[in-house]
Amino acid sequence: METIVFAGVGAMAEAIIQGFVKEGVVPPRNMYVMNKSDKEKLQKIAHKYGVQIVCENRAILAKADLLILAMKPKDIQGAMENLFPYLGANTTVLSVAAGVSMQSIEEKLGKRPVVRVMPNTSASIGMSASGIAFNRLVTDSQKDVFIGMLEAIGLVIEVEEDELHAVTALSGSGPAYLYYLVEAFEQAGMKFGLSQKTVRNLAVQTIAGAAEMLKQTDEEPSELRRKVTSPGGTTEAGIKALEEHDFKEIIMACVQNAEAKSRELSALLDK
């Protein structure tokens with residue numbers, strides 16, 4: 001992947017560019033950016049990362065190895081129609097636009113290798129949890145290249161395209177659920193006299209520590225929970241309150257609603 005063009009320069013595109021530059025995936029001079037109208041944003045990205053702006057004649061699209069579709073999902077159908085006349089026959093397409101199927105991309109941009117990836121906003125600090133899916137034209141060696149490239153922004157796990165709806169609901173939207181949990185911790189802690197800053201620091205470190213325990217020990221969450229929960233102790237009292245309020249059922253409903261919404265939006269975008 002010697003020449004990469006980003007169509008769309010929003011937060012996710014910038015996170016990927018930042019990761020690629022930091023990890024040396026592609027030299028900045030070999031990355032090009034374009035968008036629909038915000039020329040000021042293009043200049044800012046070009047100056048910050050050393051990438052190039054696509055010229056008005058769009059000639060670079062004819063020889064690009066990879067086109068990354070990073071615009072808003074609502075804009076992608078029109079954007080693909082505008083890009084197709086300029087696109088080279090050997091250009092692979094990677095889409096980070098949620099809900100836009102590979103079939104829809106192939107219909108607009110022709111039969112070619114197509115990759116879909118669902119990162120999350122933690123990509124901006126190299127900590128994304130991304131699901132990736134490939135169409136039938138992507139070879140095994142190409143899959144390894146794409147996974148290696150995207151590991152510059154975090155963890156990458158291959159899934160089937162239909163499973164990207166679940167990935168969207170879990171890791172794509174997941175950061176928002178955890179931020180919401182921290183909001184709740186802050187409200188609870190402040191009620192008992194702790195400052196917001198104190199609760200924030202305690203909550204963030206607790207979540208980070210628990211995540212690292214899951215990562216390093218390879219133990220089941222239920223077993224780690226059991227080790228913290230002494231009979232008749234404070235943790236048991238807290239867990240009892242979660243069970244009484246159907247905590248697991250709430251989480252299930254949360255993920256189910258998000259997954260169903262992903263499918264609904266996908267059906268609308270592919271029309």
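Provided above is the structure to which this section pertains.
In this convention, every chain numbers its residues from 1, walking through the sequence in written order. Thresholds applied to this predicted model are a pLDDT of at least 70 for local features of residues and 80 or more for the giving and counting of side-chain atom pairs; totals over whole chains, interfaces and linings are not thresholded and use all residues. Just so you know, side-chain values use all the structure's heavy atoms and leave hydrogens and water out.

A short note on the pattern of salt bridges
Heads up, the rule is: Salt bridges are defined by distance alone: a side-chain nitrogen of Lys or Arg within 4 Å of a carboxyl oxygen of Asp or Glu. Accessible area is worked out with a 1.4 Å probe on protein chains only. A residue is then buried under 20% of its type maximum, exposed over 50%, and partly exposed in between.
The final tally for this structure, using the stated rule, is 12 salt bridges. K74 is the partner of D75 in a salt bridge, and the nearest nitrogen-oxygen pair spans 3.2 Å. In this structure K74 comes out as exposed when scored by relative accessible area, which is 63%. In this structure, the salt-bridge partner of E161 is R116, at a minimum N-O distance of 2.9 Å.

Here's the deal with the sheet that holds strand β7 (residues 128–134)
Cut-off, in case you're wondering: A pair of strands counts as paired when DSSP detects no fewer than two bridges linking them. The numbering of helices and of strands both runs from the N terminus, where a helix is a DSSP run of H or I of at least 4 residues and a strand a run of E of at least 2. We call two residues in contact whenever any of their non-hydrogen atoms come within 4.5 Å of each other. All axes here are fitted lines through C-alpha atoms, helices being fitted over the stretch that makes contact, and every angle between N-to-C directions spans 0 to 180 degrees.
Within the open sheet, the eight strands sit side by side as β3-β2-β1-β4-β5-β6-β7-β8. Their pairing is mixed. Only two strands of the sheet have a single neighbouring strand rather than two, namely β3 (52–53) and β8 (154–158). Across two bridges, strand β2 (residues 31–34) lies against β3 in parallel orientation. Following the sheet pairing, V33 is matched in β3 by I53. Running over the sheet, helix α3 (residues 76–83) touches β1 (4–7), β2, β4 (66–69) and β5 (92–95) and is turned about 155° from β4. Most of the contacts of helix α4 (residues 102–109) go to strand β6 (residues 114–118), to which it runs at about 135°, and overall it touches β4, β5, β6 and β7.

Looking at the packing of helix α1 (residues 11–23) against helix α2 (residues 39–49)
Working note: a packed helix pair is described by the angle between its axes plus the distance between those axes. As a reminder of what qualifies: Orientation categories follow fixed angle ranges, with anything under 35 degrees roughly parallel, anything over 145 roughly antiparallel, 65 to 115 roughly perpendicular, and all other angles oblique. In this scheme the crossing of two helices becomes right-handed for a clockwise turn of the near helix relative to the far one and left-handed for an anticlockwise turn of less than a right angle. Residues are grouped as follows: nonpolar covers Ala, Val, Leu, Ile, Met, Phe, Trp, Tyr, Cys and Pro; charged covers Asp, Glu, Lys and Arg; every other residue, Gly included, is treated as polar.
Relative orientation of the contacting elements α1 and α2 amounts to 15°, with a least axis distance of 11 Å. If you check the angle between α1 and α2, you find them roughly parallel. By crossing handedness, the relation of α1 to α2 is classed as right-handed. Together, E14, I17, Q18 and V21 of α1 and K41, I45, K48 and Y49 of α2 make up the contact between the two elements. Split by residue class, the contact of α1 with α2 holds four nonpolar, one polar and three charged.

Focus: the pairing of β5
Rules: Whether a crossover is right-handed depends on one test, that the path from the first strand over the helix to the second runs clockwise when the strands point away from the viewer.
Burial of β5 is two-sided: the residues T92 and L94 facing one way and the residues V93 and S95 facing the other way are all buried. By the bridge criterion, four bridges tie β4 to β5 in an arrangement that is parallel. Its bridge partner being in β5, L67 is matched across the sheet by V93. In terms of handedness, the path from β4 via α3 over to β5 forms a crossover that is right-handed. Sheet topology places β5 next to β6; three bridges connect them, and they run parallel. Residue pairing across strands places L94 opposite V115, the latter belonging to β6.

Observations concerning the pairing of β1
Every second residue of β1 is oriented toward a common face, with I4 and F6 on one face and V5 and A7 on the other, all of them buried. Pairing of β1 with β2 involves four bridges; the strand directions are parallel. Across the sheet, the residue bridging to A7 is M34, located in β2. Handedness of the crossover joining β1 and β2 through α1 is recorded here as right-handed. Bridging between β1 and β4 involves four bridges; their strand directions are parallel. Looking at the pairing, F6 lines up with I68 of β4.

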